[in-house]
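# Architecture at a glance
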Amino acid sequence: MTEAVLLTIDSGIARITLNRPERLNAFNDEMAEGWTVAAEAAVQSDDVQAILIDASGRAFCAGGDVQAMATMDDRGGMIQQLAHRINVGILALTESAKPVVAAAHGTTAGGGLGILLCSDYAVVGESSRVGSVYGGVGLTPDLSVSAQLAAAVGQSRALQLLLQERLLSADEAVAWGLAAEKVADDEVLTRAEAIAAFWVQNAHAYGEAKRLIRSRPERSFAEQLAEEARTIGVASQSPEGDKRIRAFAAR
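Residues numbered from 1 in each chain as written. Predicted model: local features only at pLDDT ≥ 70, side-chain atom pairs only at ≥ 80, totals over all residues. Heavy atoms only, no water.

## Let's talk about the environment of Ala 41
Rules: Helix and strand assignments follow DSSP, with helices taken as H or I runs no shorter than four residues and strands as E runs no shorter than two, numbered in order from the N terminus. Relative accessibility under 20% of the residue-type maximum defines a buried residue, over 50% an exposed one, and the middle range a partly exposed one, all with a 1.4 Å probe and only protein chains included.
Structurally, Ala 41 can be placed in helix α1 (residues 29-44). For Ala 41, a relative accessible area of 29% corresponds to the partly exposed category. In this structure, the C-alpha to C-alpha distance between Ala 41 and Gly 177, residues 136 residues apart in sequence, is 29 Å.

If you want it as structure tokens, here you go:
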């Protein structure tokens, strides 16, 4: 792990912390590497049932480090490499059967929006702001934004956000579907921790529900029905499923 991204695992929860507060947790090479290493480690660990993403400082993530970009010799090639490396971590999280919650305090912008979108449940604070702002620095969406934003908010709203220099308020982020909940600024992490702990209590069911939804575009409708049937059969025989079915029947 690097100092730019921290990983801790405790009580079934992997906590990935973006840790470049002095740059609003904007991605550079070190942070890209740390992000992907942490994401893959969390997904692959048998000790992890839920994943929490948070950040140090006053912002969740400002995307890419534009100041670093300005000094790159081979800017195009280096930015492509940076995006490809970060994408490995995004794929690991979105394709896993482990639910991911984001504690998105402060500002989330640019590629940070892609990090937010790779969570399955996002909590924002009252003063949080969420947006694109790629165009303001002459860049185009990356880190899964073009792949996931329209699915989250609809094509029309996705275009509204990408084609304007607009930061949504916390209330708008919830109304649009980018965030699930708004809480007080000082309660964002606490609420996200509670959600992750709730998932751990029934990890197989919630993890497989996440996987079914995330992987749906890969299958036809008939194939999805078959996969649902297979998954619920497996879930019914899992230790947690067996215990909960018997407890419900006993009532």
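## Side note on helix α3 (residues 75-95)
Quick note on the threshold: Given a helix with a known number of residues, its expected span is that number minus one, times 1.5 Å. The contact definition used throughout considers only heavy atoms, calling two residues in contact when any of these lie within 4.5 Å.
An ideal rise of 1.5 Å per residue puts 30 Å on 21 residues; α3 measures up with 30 Å between its terminal C-alpha atoms. Regarding α3, the residues found buried are Leu 82, Ala 83, Ile 86, Gly 89, Ile 90, Ala 92, Leu 93 and Thr 94. Looking at the buried side of α3, the elements it contacts are α1, β3 (50-55), β4 (100-104), α4 (111-117), α5 (145-153) and α9 (203-215).

## Some words on the layout of surface pockets
Applicable threshold: Definitions used for this entry: grid spacing 1 Å over protein atoms alone; cavity, a set of points where a 1.4 Å probe fits but cannot get out; pocket, an open set with protein on both sides within 12 Å along at least 5 of 7 lines; lining residue, one with an atom within 4 Å of a point. Grid points are joined across faces, edges and corners, and a volume is the space filled by probe spheres set on the points.
One number sums up the size of the largest pocket: a volume of about 650 Å³. The wall of the largest pocket is formed by 27 residues, among which Leu 117, Ser 119, Asp 120, Gln 148 and Arg 214 lie closest to the centre. Of all the elements in the fold, those that place two or more residues in the lining of the largest pocket are α3, α4, β6 (121-125), α5 and α9. Sorting elements by how many residues they give to the lining of the largest pocket places α9 first, with five residues. When its volume is computed, the second largest pocket comes out at roughly 550 Å³.

## Comments concerning the sheet that holds strand β5 (residues 107-108)
Threshold: Any two strands between which DSSP finds at least two bridges are classified as paired.
The three strands are arranged β5-β7-β8 in an open sheet whose pairing can be described as mixed. The open sheet is flanked by β5 and β8 (167-169), the only strands paired with a single partner. One ladder, built from three bridges, connects strand β7 (residues 129-131) with β8; its direction is antiparallel. Within β8, the position partnered with Val 130 by the bridge is Leu 168.

## Some points on the sheet that holds β3
Put simply, the rule reads: Interaxial angles span 0 to 180 degrees and are taken between N-to-C directions of axes, which are lines fitted to C-alpha atoms, for helices over the stretch in contact.
One open sheet accounts for six strands, arranged β1-β2-β3-β4-β6-β9; its pairing is mixed. Whereas interior strands pair on both sides, the edge strands pair on one side only; in this sheet they are β1 (5-10) and β9 (181-183). Each strand of the sheet is rotated relative to its neighbour by a mean of 20°, with strand direction disregarded. Examined bridge by bridge, β6 and β9 share three bridges and lie parallel to one another. Each bridged residue has a counterpart across the sheet, and for Val 124 the counterpart in β9 is Lys 182.

## Regarding the pattern of salt bridges
Where charged atoms from two side chains of opposite charge come close, those side chains can pair. Operational definition: Note on definitions: salt bridges are taken to be side-chain nitrogens of Lys or Arg within 4 Å of carboxyl oxygens of Asp or Glu.
Applying the stated criterion to the full structure yields 17 salt bridges. Between Glu 172 and Arg 166 there is a salt bridge, and its shortest N-O distance comes to 3.2 Å. For Arg 166, a relative accessible area of 29% puts it in the partly exposed group. For Glu 208, the salt bridge goes to Arg 211, with nearest N and O atoms at 2.9 Å. With Glu 208 and Arg 211 both in helix α9, this residue pair falls three residues apart, about one helical turn. Here the two residues Glu 208 and Arg 211 agree in accessibility, since each one is buried. Residues joined in a network through salt bridges with shared partners are Arg 20, Glu 22, Arg 23 and Asp 65.

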